[in-house]
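The chain contents come next:
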Amino acid sequence: MKVDINCDVGEGVANEHLIMPYISSCNIACGGHFGDKQTIDKTIQLAVENGVKIGAHPSFPDKENFGRRFMELSKTKLKESITHQLDLFLERLSLVQKELHHIKPHGALYNAIAVDEHLAKTIVEILKPYLNSAFLYVPYNSVIEKIALQSDIKIKYEAFADRNYNDDLTLVSRIEKNALLVDKSDVLNHVIFILKHNKVKTISGLKVPIKADTFCVHGDSENILEIVRHLHRQLQKEGFVIR
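Values in this document were obtained by computation on a predicted structure and should not be read as measured data.

A.B. asks: Please provide a residue-by-residue account of the packing of aromatic side chains, values included.
C.D. replies: Inspection of every chain in the model, using the stated rule, returns 3 aromatic pairs. Geometrically, the ring pair formed by F60 and F70 is edge-to-face, given 5.5 Å between the ring centres and 90 degrees between the ring planes. A residue pair is termed long-range when its members are at least 10 positions apart, and F60 in the loop between strand 3 (53-57) and helix 3 (75-94) and F70 in the loop between strand 3 and helix 3 qualify at 10 residues. Exposure remark for F70: the relative accessible area of 45% places this residue in the partly exposed category. The ring centre of F135 lies 4.4 Å from the NZ or CZ of K156, which sits over that ring.

In structure tokens:
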């Protein structure tokens, strides 16, 4: 009965020191949508101090829009950007002699490779050299999942603790009022339902099959600390080990 709680961090909110005690893995921005050597170093150090598994969080090179808009890039330009981000991250990680646990693409890139076969193949080709012993975090029943498995890449299925789902397992768009789960009890119930039933309740009321090895909470949510504390405590009361 293990459950991994991950969080996107190193993104300028500066609340990582509060969140880290309640999560078990983290996805650190590495310069695409946010981040530089200083923010990467600081966030890695906090993860090490709290025993949190360390992952890289590469993105489209789009700090202006925080990586949340799709970018039409050539394969060469995309590869240059992603490899630059990951090489920088691994350089900083090597300074504390820690291994990369996983890679989780960010924002618009994450959403695009879930449905776009051509882009997913390109990303797998770019990421594969970095995934010899690390995992790729992917959504269940996605295009990137299938291509990663075909390429012998180790994956972990990710679900979102604080986001609502459409019937096709895509996330409800952030422009919709019901995109986010902000009440700590709603987040907990959402996670426990997935864990116990391997299904997610969608916004239309359907119960759709899903797999989840790790649950993401968003570090920029207004009440993130309240949410992660509640999740951590209540999941343990339910018999789950957070790791």
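A.B. asks: Can you break down the environment of S81 residue by residue, with the values?
C.D. replies: When you line up the elements, S81 lands in helix 3. Discounting chain neighbours no more than four positions away, the residues touching S81 are S59 and P61.

A.B. asks: Let's hear about the pairing of strand 9 (residues 214-218): which residues, and what values?
C.D. replies: Counting buried positions along strand 9 gives 5 out of 5 residues, so the element sits mostly inside the fold. Covered by surrounding structure in strand 9 are T214, C216 and H218 together with F215 and V217, the residues of both alternating faces. Examined bridge by bridge, strand 1 (residues 2-9) and strand 9 share 5 bridges and lie parallel to one another. Note that in strand 9 the partner of I5 across the bridge is F215.

A.B. asks: How would you sum up the side chain of S59? Please name residues and give values.
C.D. replies: In this fold, S59 is placed in the loop between strand 3 and helix 3. For S59, a relative accessible area of 0% corresponds to the buried category. Not counting residues up to four positions away in its chain, the partners in contact with S59 are G32, H33, G67, S81, I82, Q85, H106 and L109.

A.B. asks: For the nonpolar core, give the residues involved together with the corresponding values.
C.D. replies: Membership of the largest hydrophobic core comes to 76 residues, with the highest contact counts inside it found for I23, F89, I103, L136, V217, L231 and L235. Once residues within four sequence positions are removed from consideration, F89 is found in contact with I28, C30, I40, I44, I54, G55, A56 and L100.

A.B. asks: Report on the pattern of salt bridges, specifying residues and quantitative values.
C.D. replies: Pairing is possible between side chains that carry opposite charge, provided their charged atoms lie close to one another. Across all of its chains, the model carries 10 salt bridges by this definition. For the salt bridge of E158 with K104, the shortest nitrogen-to-oxygen distance reads 2.9 Å. Residue E158 is located in strand 6 (residues 155-160), and its partner K104 is located in the loop between strand 4 (102-103) and helix 4 (107-113); the two are separated by 54 residues in the primary sequence. Take E158 and K104: they sit in the same class, and that class is buried. Where K121 meets E117, a salt bridge forms, and the shortest distance between an N and an O atom there is 3.2 Å. Of this pair, K121 and E117 are both found in helix 5 (residues 117-127), 4 residues apart, which corresponds to roughly one turn of the helix.

A.B. asks: Let's hear about helix 7 (residues 184-197): which residues, and what values?
C.D. replies: The end-to-end C-alpha distance of helix 7 is 20 Å, a good match for the 20 Å that 14 residues give at a rise of 1.5 Å each. The elements touched by buried residues of helix 7 are strand 1, strand 6, strand 7 (199-201), strand 8 (207-209), strand 9 and helix 8 (224-237). Measuring from the backbone nitrogen of S185 back to the side-chain oxygen at the start of helix 7 gives 2.9 Å, which picks out D183 as the cap. One or two residues past the end of helix 7 sits N198, with phi positive at roughly 55 degrees.

So, how was this worked out
Residues numbered from 1 in each chain as written. Predicted model: local features only at pLDDT ≥ 70, side-chain atom pairs only at ≥ 80, totals over all residues. Heavy atoms only, no water. Phe/Tyr/Trp six-rings, centres within 6.5 Å; stacked < 30°, edge-to-face > 60°. Helix = DSSP H or I, 4+ residues; strand = E, 2+ residues; numbered from the N terminus. Buried < 20%, exposed > 50% of the residue type's maximum accessible area, 1.4 Å probe, protein only. Lys NZ or Arg CZ within 6 Å of the ring centre and 35° of its normal. Contact = heavy atoms within 4.5 Å. Pairing = 2+ DSSP bridges. Core = buried A, V, L, I, M, F, W, Y, C linked by side-chain atoms within 4.5 Å. Salt bridge = Lys/Arg side-chain N within 4 Å of Asp/Glu carboxyl O. Expected span 1.5 Å × (residues − 1). Polar contact = N/O pair within 3.5 Å; in protein donor to acceptor, adjacent residues only side chain to side chain.

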